[in-house]
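# Descriptive structure summary
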Amino acid sequence: MAVATGRRVDPGRLEGQLWNQSDDYANIDVNVGRIERWMSMLAGGALAAYGLKRRSTAGGAAALAGAAFLYRGTTGHCNVYRALGINRAAGHATERGTGRIADRDSNTRQKLGGRRGIHVEDAVTINRPVAEVYRFWRNFENLPRFMQHLESVAMRDEGISHWVAKGPGGMKVEWDARIINEVDNKLIAWQSLEESMIAMAGSVNFDETPRGTRVRIHLQYSPPGGKLGAAVAWLSGEEPSIQVREDLRRFKSLLEAGEIPTTQGQSSGRTGDRR
Amino acid sequence: MKAVCWERTNVVRVEDVPDPSILNSRDAIVRVTSTAICGSDLHLLDGFIPTMKSGDILGHEFMGEVVEVGRDVGNLVKGDRVIVPFPIACGRCFFCTHDLWSCCDNSNPNASLAEKLYGFSPAGLFGYSHMMGGYAGGQAQYVRVPYADVGPFRVPAQLRDDQVLFLTDIFPTGYMAAENCDIKGGETVAVWGCGPVGQFAIRSALLLGAGRVVAIDTVPERLRMAADAGAETLDSLHDDVFERLRDMTGGLGPDACIDAVGMEAHGAHLDYWYDKAKTMVYLATDRASTLRQAINCCRKGGTVSIPGVYGGFIDKVPMGAAFNKGLTLKMGQTHVHKYLPRLLQHIEKGEIDPSFVVTHTVPIDDAPAMYKTFRDKRDGCIKVVLKPH
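Residues numbered from 1 in each chain as written. Chains lettered and ligands numbered in written order. Predicted model: local features only at pLDDT ≥ 70, side-chain atom pairs only at ≥ 80, totals over all residues.

## Some details on the overall build of chain A
- A count of helices and strands for chain A gives 8 helices and 7 strands.
- Here chain A, with 275 residues, has 33% of them falling under the buried criterion.
- Expressed as a percentage of contacts within chain A between residues at least 6 apart in sequence, the contacts between residues at least 24 apart total 58%. (Helix = DSSP H or I, 4+ residues; strand = E, 2+ residues; numbered from the N terminus. Buried ≥ 20, exposed ≤ 12 C-beta atoms within 10 Å, placed from the backbone. Contact = placed C-beta atoms within 7 Å.)

Right, dumping it as C-alpha cells:
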C-alpha cells in the first residue's frame, strides 16, 4: 500500500531526511591492506569460533584473539600497526580521525553512517487499529515489554527519554534520546543525544492496510564495543536483524493477544525437572 | 503428576513430573479425565517429526475439568467440563478472526524455528515438537491450556467422555477432510486409511450427503468398521485400487479422494520401497505412496483432500497428473474451533456417536505399551483412550 497523499507530512520525505546515507563514513584509520584484511577476517572468525566452542580459559583467549583479528579485518584498523607506525593500506586516507565518536562531527547521522553503525529494517502487520498501535509505541516506557535487550526506558520532559539496555556479556549500556520527528498515527523518530555513550537512532512508520496496521521499523546504532562488539555478538548468536524480528513478533503478540506466548516454566520429564 | 513423556525414537515413558502452573494471564489448568493417543502421535514415536526433545510431554487429544483460571479468563470457572482443541489459537489475530485457527499468528513461541522450514509459522500445538511451540501435552494428569478464554469448549454433562473427547481432533479432522471435498450431494468419495481419522472422514462424508464412500485399507477390522458406517471397502493389498475405483465409478474415477494416511504410508508397491530407502538415508523425510495413488485415481476436475499429516519433503509427486486433470488439492491442520458447535450438535442429536472408534481404554501407566500396540495394529487396536486418574 502506498503512502496516501494529502496527509500533513510525507513520511517518505521525513525518512529520507533522517536516513539519507552519507558516503563519508570511514571514521577509522585504515592501515591494513585489502587481502590482509580478508585473511584477518577468515583467521579471526575461525579462531573465535574455535575458542567459543572450547569454553575454557584457553578457549577464551583464543576467542579474544580471534575477535581482535575480526576487528582488524572488518575495520581495516590494526592497533599494532598503528603503534609501530605502519600503514599497509595503499591509497586509503588515514587522516580521517581516531575513530572515536565523541570527538568527531556532532551529527548522529554521521556517527552512525556506514560501517560504524548497525542498520536494521523490518516490518510487521498487527490486527489492531493504527491509533492503538501508535499510542502503545509512543509511550517508550512500553518498549522493554517486548524488546528483550532493553531493561528500561524512562520518559523525561520535552521528548527526552532515558534508555537502559543489556549489552554483550551482561554489560549495561545507557543513553538519553530525543524525539526528533513525530506525526500522529504515522511516524515516530528518535535519536540519542550528543553526549551519550552510544549513538543510536530509530524510526517507526505506521500505515493502515486491509490486514491491519503495518509497522515498519528502522534502527541504527553504533554497537557497544564498536564493530568488535558486533562481531562478538554475531558469533554468540545475537544477530541484530534476528533480535529485531523477534522483538516485533513479541510486539504483535502483546497488542493482538494481550500477552507474549511462552513455555518458560512449564513441566517436562527432563532430568532435573522430574520429581 | 504422571505424564507420558517422549524419550527418544521408539521410547515413551510415564514419568513423575511437576504439576503445571499458570504462566500467562489467559491460561487455565485442566485436570485431565480422558486423553487419547492420536495416529499423529505415532509419527513422533517413530521419529518422523523433527525438534522433539527428550522429556517432552505428549498428547493433544484431551478433556477434563477446569481447576484454575488466569486473571484474564472471564468465561470459564472452576469445575467446568471442557474439551480442548489441539491447535492453540489466540482468537484475535487475522487468521483466528478468519476461521483459520490452526494458522494462528501468536501461539507459537518458537515461530522462528517453524519459519525456517515453512516460511511462516503455523499455530502452536499441544505436545507436538518444539517447532510447533514446545507446549507440554495432555497425556498427563494435569495440563496448562493457553488462551483458555478461546480454546476450551464446554460439553454437556449427559454426554460421556468417550462421546465428546474426539471433538479435540479426529472428529473435526475427518469432518474438515470431507468438507474440503466440496460435497453437494451424491458424490463418490474414496478414503485411503481407515484409522480413526479415516473413520470420521467416512462418516462425515455421508453426513454431508456423499452418495457413496469407498474405504481403502489393509487391516480387516478397520475395513469392517468402515463397512459398518455404510462404506464399500477395498483391500489395497489384494485389490488393484485404481482399476477397482474406475470400475465402481463407471470409468469416471471418484469425485473426491481423501488421504487419511499421511507421511508414513505403507504399501507393497515399488514406490513404497523407493520412499522407504530415501527416508532411511534422509534424502526425503516423508513417504507419500498414498498421496500419489489418490492423485492418480481422482477423476478429472476432482478434489484431493489431505487430513493425513505431512511434515517435510516428499518425492515423485505426480504433479503432471494433478495439473492436467485440473485437480483441487486441499489440506492443513484442522481449524478445530470452527467446527465445535456444529459437531456437538450432530452428537447431541444422535446422528453420530464418536465412541464407536474406541477399542482400548487403559490407565495412563499402560501408555508406553499401548503406543506400540496401536502402531503395530495388534489386538484389533484402532483407538486408545488413556485414563490419567
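## Examining the overall build of chain B
- In terms of regular secondary structure, chain B is built from 12 helices and 18 strands.
- Expected size for 389 residues packed as a compact globule is a radius of gyration near 21 Å; at 20 Å, chain B falls within 12% of this value.
- Each of the three principal axes of chain B carries a C-alpha extent, and together these read 60 × 50 × 45 Å.
- Out of the 389 residues belonging to chain B, those deemed buried represent 56%.
- Long-range pairs, those at least 24 residues apart, make up 72% of the contacts in chain B between residues at least 6 apart in sequence. (Rg over C-alpha atoms; globule rule 2.2 N^0.38 Å.)

## What to know about unusual backbone geometry
- Phi angles above zero are rare outside glycine, and B:Asp99 is one such case at about 60°.
- Secondary-structure assignment places B:Asp99 in the loop between β7 (87–88) and α2 (111–118).

## Comments concerning the interface of chain B and chain A
- Taken together, the contact between chain B and chain A spans 36 residues of the former and 24 residues of the latter.
- For the side of chain B that touches chain A, the elements supplying multiple residues, two or more each, are β1 (2–8), β2 (11–16), β4 (56–57) and α2 of chain B.
- Across the side of chain B that touches chain A, the residue classes tally to 15 nonpolar, 13 polar and 8 charged. (Nonpolar A, V, L, I, M, F, W, Y, C, P; charged D, E, K, R; others polar.)

## Description of the packing of helix α4 (residues 170–179) of chain B against helix α11 (residues 336–348) of chain B
All names here are of chain B.
- It is the contact of α4 with α11, at a shortest axis distance of 10 Å, that shows an interaxial angle of 95°. Taken together, the axis directions place α4 and α11 in an arrangement best described as roughly perpendicular. Contacts between α4 and α11 pair Phe171, Pro172, Tyr175 and Met176 from the former with Val336, Tyr339 and Leu343 from the latter.
- Each residue belonging to the contact of α4 with α11 can be placed in one class, and the counts come to 7 nonpolar, no polar and no charged. (Axes fitted to C-alpha atoms, helices over the stretch in contact; angles between N-to-C directions. Parallel < 35°, antiparallel > 145°, perpendicular 65-115°, else oblique.)

## With respect to the sheet that holds β4(B)
Residue and element names in this part refer to chain B.
- Sheet architecture is open: 3 strands sit in the order β2-β1-β4, paired in antiparallel fashion. Each having just a single partner strand, β2 and β4 make up the two edges of the open sheet.
- Summarising the sheet, β1 and β4 pair through 2 bridges and their orientation is antiparallel. Across the sheet, residue Cys5 finds its bridge partner in β4, namely Ile57.
- The strands touched by helix α12 (residues 367–375) are β1 and β2; relative to β2, the strand with the most contacts, the crossing angle is about 160°. (Pairing = 2+ DSSP bridges.)

## Re helix α8 (residues 240–257) of chain A
- Helix length check: α8(A) (18 residues) gives 25 Å between terminal C-alpha atoms against 26 Å at 1.5 Å per residue, within 8%.
- When α8(A) is considered as a whole, its buried residues turn out to be A:Asp247, A:Leu248, A:Arg249, A:Arg250, A:Phe251, A:Lys252, A:Ser253, A:Leu255, A:Glu256 and A:Ala257.
- Packing partners of the buried residues in α8(A) comprise β1 (118–126), α6 (130–138) and β7 (212–221) of chain A together with α2 of chain B.
- One or two residues past the end of α8(A) sits A:Gly258, with phi positive at roughly 80°. (Expected span 1.5 Å × (residues − 1).)

## Some remarks on the pairing of strand β5 (residues 61–69) of chain B
All names here are of chain B.
- The pairing of strand β3 (residues 28–37) with β5 spans 8 bridges and is classified as antiparallel. From the neighbouring strand, Val30 faces β5, where its bridge partner is Val66.
- Here 4 bridges tie β5 to strand β6 (residues 81–84), and the two strands are oriented antiparallel to one another. Following the sheet pairing, Gly64 is matched in β6 by Val82.

## Some thoughts on the sheet that holds strand β15 (residues 303–306) of chain B
All names here are of chain B.
- Across the sheet, which stays open at both edges, the 6 strands sit in the order β13-β12-β11-β14-β15-β16 with parallel pairing between neighbours. Two strands close off the open sheet at either side, each with one partner strand: β13 (232–235) and β16 (328–331). Taken pair by pair, the neighbouring strands of this sheet meet at an average axis angle of 20°, ignoring direction.
- Contacting β11 (188–192), β12 (212–217) and β14 (256–259), helix α5 (residues 196–207) crosses the sheet at an angle of about 170° to β12.

## A closer look at the confidence of the model for chain A
All names here are of chain A.
- Residue-level pLDDT values for chain A average 73, and 51% of them are 70 or greater.
- Here helix α1 (residues 11–19) stands out as the element of chain A with the lowest mean pLDDT, 38, in contrast to α6, whose mean of 97 is the highest.
- Under a pLDDT of 50 for its full length, residues 1–28 has, in the predicted model, 40 contacts with residues more than four places off or in other chains. (pLDDT = per-residue confidence, 0-100.)

## Notes on the packing of helix α7 (residues 241–248) of chain B against helix α9 (residues 289–297) of chain B
All names here are of chain B.
- It is the contact of α7 with α9, at a shortest axis distance of 10 Å, that shows an interaxial angle of 30°. It follows from the interaxial angle that α7 and α9 lie roughly parallel. Crossing geometry of α7 relative to α9 is assigned as right-handed. Across from Val241, Phe242 and Leu245 in α7, the residues of α9 making contact are Gln293, Asn296 and Cys297.
- For the contact of α7 with α9, a count of residues per class yields 4 nonpolar, 2 polar and no charged. (Left-handed = near helix turned anticlockwise from the far one by under 90°.)

## Considering the nonpolar core
- The biggest cluster of nonpolar side chains holds 130 residues, and the ones touching the most others in it are B:Val4, B:Val30, B:Cys104, B:Val191, B:Ala201, B:Ala215 and B:Ile258.
- Residues in contact with B:Val4, not counting those within four places in the same chain, are B:Val12, B:Val14, B:Ile57, B:Leu58, B:Gly59, B:Gln139, B:Ala140, B:Ile364 and B:Ala367.
- A:Trp163, A:Ala165, A:Ala201 and A:Tyr221 belong to the second-largest nonpolar core, a separate cluster that totals 13 residues. (Core = buried A, V, L, I, M, F, W, Y, C linked by C-beta atoms within 7 Å.)

## Section: the domain arrangement of chain B
Residues and elements named next belong to chain B.
- Each domain of chain B was delimited in the assignment, giving domain 1 (2–169 + 334–387) and domain 2 (171–331).
- Each of domain 1 and domain 2 has a C-alpha centre, and the two are 25 Å apart.
- Taken together, the contact between domain 1 and domain 2 spans 23 residues of the former and 19 residues of the latter.
- For the side of domain 1 that touches domain 2, the secondary structure elements donating two or more residues are α1 (39–45) and α11. (Domains from an automatic or database assignment.)

## Here we look at the environment of B:Pro146
- Tracing the backbone through its elements, the reader meets B:Pro146 in the loop between β9 (142–145) and β10 (153–154).
- Those residues in contact with B:Pro146 that lie beyond four places of it in its chain are A:Pro261, B:Asn24, B:Arg26, B:Asp27, B:Ile88 and B:Ser107.

## Here we look at the environment of A:Thr262
- Among the secondary structure elements, A:Thr262 is positioned in the segment after α8.
- Classification of A:Thr262 as partly exposed rests on a count of 16 C-beta atoms within 10 Å.
- If we ignore the near neighbours within four places in the chain, the residues touching A:Thr262 are B:Leu23, B:Asn24 and B:Pro109.

## A look at the environment of B:Ser355
Residue and element names in this part refer to chain B.
- Relative to the elements of secondary structure, Ser355 occurs in the loop between α11 and β17 (360–363).
- In the structure, Ser355 is positioned 115 residues away from Asp240 in sequence and 32 Å away in space, judged by C-alpha atoms.
- Not counting chain neighbours up to four residues away, the residues in contact with Ser355 comprise Arg160, Asp162 and Gln163.

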